[in-house]
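Structural features, examined
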Amino acid sequence: TLPAFPANGVSLACLRAFREAHAPELTGKSTDEVCESVIKPIAECARASLAELLERIGAADPGTGRPFVGRATLFVSHAWKYTFTQLLDAVEAHVGAMPEPDSVYLWLDMFVVNQHANTDKPKIWWTVTFREAIRSIGATCLVLAPWNAPIPLARAWCIW
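Residues numbered from 1 in each chain as written. Predicted model: local features only at pLDDT ≥ 70, side-chain atom pairs only at ≥ 80, totals over all residues. Heavy atoms only, no water.

**Some details on empty space enclosed by the protein**
By the definition in use, this model includes two cavities of 30 Å³ or more. Roughly 50 Å³ of internal volume is contained in the largest cavity. In this structure, the largest cavity is lined by Ser-11, Leu-12, Ala-13, Asp-61, Thr-64, Arg-66, Pro-67, Pro-101, Asp-102 and Val-104. Taken as a whole, the second largest cavity encloses approximately 40 Å³ of empty space. Leu-12, Leu-15, Arg-16, Arg-19, Leu-88, Val-91 and Glu-92 are the residues that line the second largest cavity. Elements represented by at least two residues in the lining of the second largest cavity include exactly α1 (12-26) and α4 (84-96). (1 Å grid on protein atoms, 1.4 Å probe; cavity = no way out; pocket = protein on both sides within 12 Å on 5 of 7 lines; lining within 4 Å. Points joined across faces, edges and corners; volume = space filled by probe spheres on them. Helix = DSSP H or I, 4+ residues; strand = E, 2+ residues; numbered from the N terminus.)

**Side note on unusual backbone geometry**
The bulk of non-glycine residues show a negative phi, and the bulk of peptide bonds are trans. Within the chain, Arg-47 stands out as a residue other than glycine whose phi angle is a positive 50°. Take Arg-47: it is sitting in the loop between α2 (31-43) and α3 (50-56).

**So, the packing of aromatic side chains**
Scanning the entire structure with this criterion turns up seven aromatic pairs. Where Phe-18 meets Phe-84, the ring centres are 5.9 Å apart and the plane angle is 70°; that geometry is what we call edge-to-face. Residue Phe-18 is found in helix α1, and its partner Phe-84 is found in helix α4; the two are separated by 66 residues along the sequence. The exposure classification of Phe-18 matches that of Phe-84, with both residues buried. Their ring planes at 80° and their centres at 5.1 Å tell us that Phe-18 and Phe-111 sit as a pair that is edge-to-face. Remark: Phe-111 occurs in helix α5 (residues 109-112) and Phe-18 occurs in helix α1; sequence separation between them is 93 residues. (Phe/Tyr/Trp six-rings, centres within 6.5 Å; stacked < 30°, edge-to-face > 60°. Buried < 20%, exposed > 50% of the residue type's maximum accessible area, 1.4 Å probe, protein only.)

**Thoughts on the pattern of salt bridges**
Pairs may arise between side chains of opposite charge once their charged atoms sit close together. If you walk through the whole model with that rule in mind, you get six salt bridges. Ionic pairing is found between Arg-16 and Glu-92, a salt bridge with its closest N-O pair at 2.6 Å. Remark: Glu-92 occurs in helix α4 and Arg-16 occurs in helix α1; sequence separation between them is 76 residues. Its salt-bridge partner being Glu-36, residue Lys-40 comes within 3.4 Å of it at the nearest N-O pair. Of this pair, Lys-40 and Glu-36 both sit in helix α2, four residues apart, roughly one helical turn. What makes Glu-36 partly exposed here is its relative accessible area of 46%. Each member of the salt-bridge network shares a partner with another, and the members are Arg-16, Arg-19, Asp-89 and Glu-92. (Salt bridge = Lys/Arg side-chain N within 4 Å of Asp/Glu carboxyl O.)

**Brief notes about the packing of α1 against α2**
Contact geometry of α1 with α2 gives a least axis separation of 11 Å together with a crossing angle of 130°. As summarised for this structure, α1 and α2 are arranged oblique, according to the angle between their axes. For α1 against α2, the interelement crossing comes out right-handed. Residues Phe-18, His-22, Glu-25 and Leu-26 of α1 form the contact with α2, whose own contacting residues are Val-34, Val-38, Ile-39 and Ile-42. For the contact of α1 with α2, the class distribution of residues is six nonpolar, one polar and one charged. (Axes fitted to C-alpha atoms, helices over the stretch in contact; angles between N-to-C directions. Parallel < 35°, antiparallel > 145°, perpendicular 65-115°, else oblique. Left-handed = near helix turned anticlockwise from the far one by under 90°. Contact = heavy atoms within 4.5 Å. Nonpolar A, V, L, I, M, F, W, Y, C, P; charged D, E, K, R; others polar.)

Okay, structure coming up:
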């Protein structure tokens, strides 16, 4: 049996709260560095994803009461080399321009994938499970930077 694909996403309000709570730790760091130095330590005791932890405690936007975690409606494709704040700025600009930004839940890997679990997956998982899961989410935001040489377009595994 192939490993399941995490179906949940996090809200824009969740990302904003995360940015506010951890601002000093995010400055100038890549997405990879933020995952290692902030996200993984938060979820270490539970050996779960940050989204799973937030869902367990019923974390919600204090202004609207909407849960921070819900079924993903937008898959975010990005490069872990980007600065984390650059990624957040791009996602916030995209989602903020949508008709109902409060109802968008972002499948953002560092938040929804258990960073403590074994990440080795067979090729068939990537070619079937991953692809079908992205299709079921229904929408994708591809973050491209820098404009003249976007990092994601240089990643060979994205081609298939």
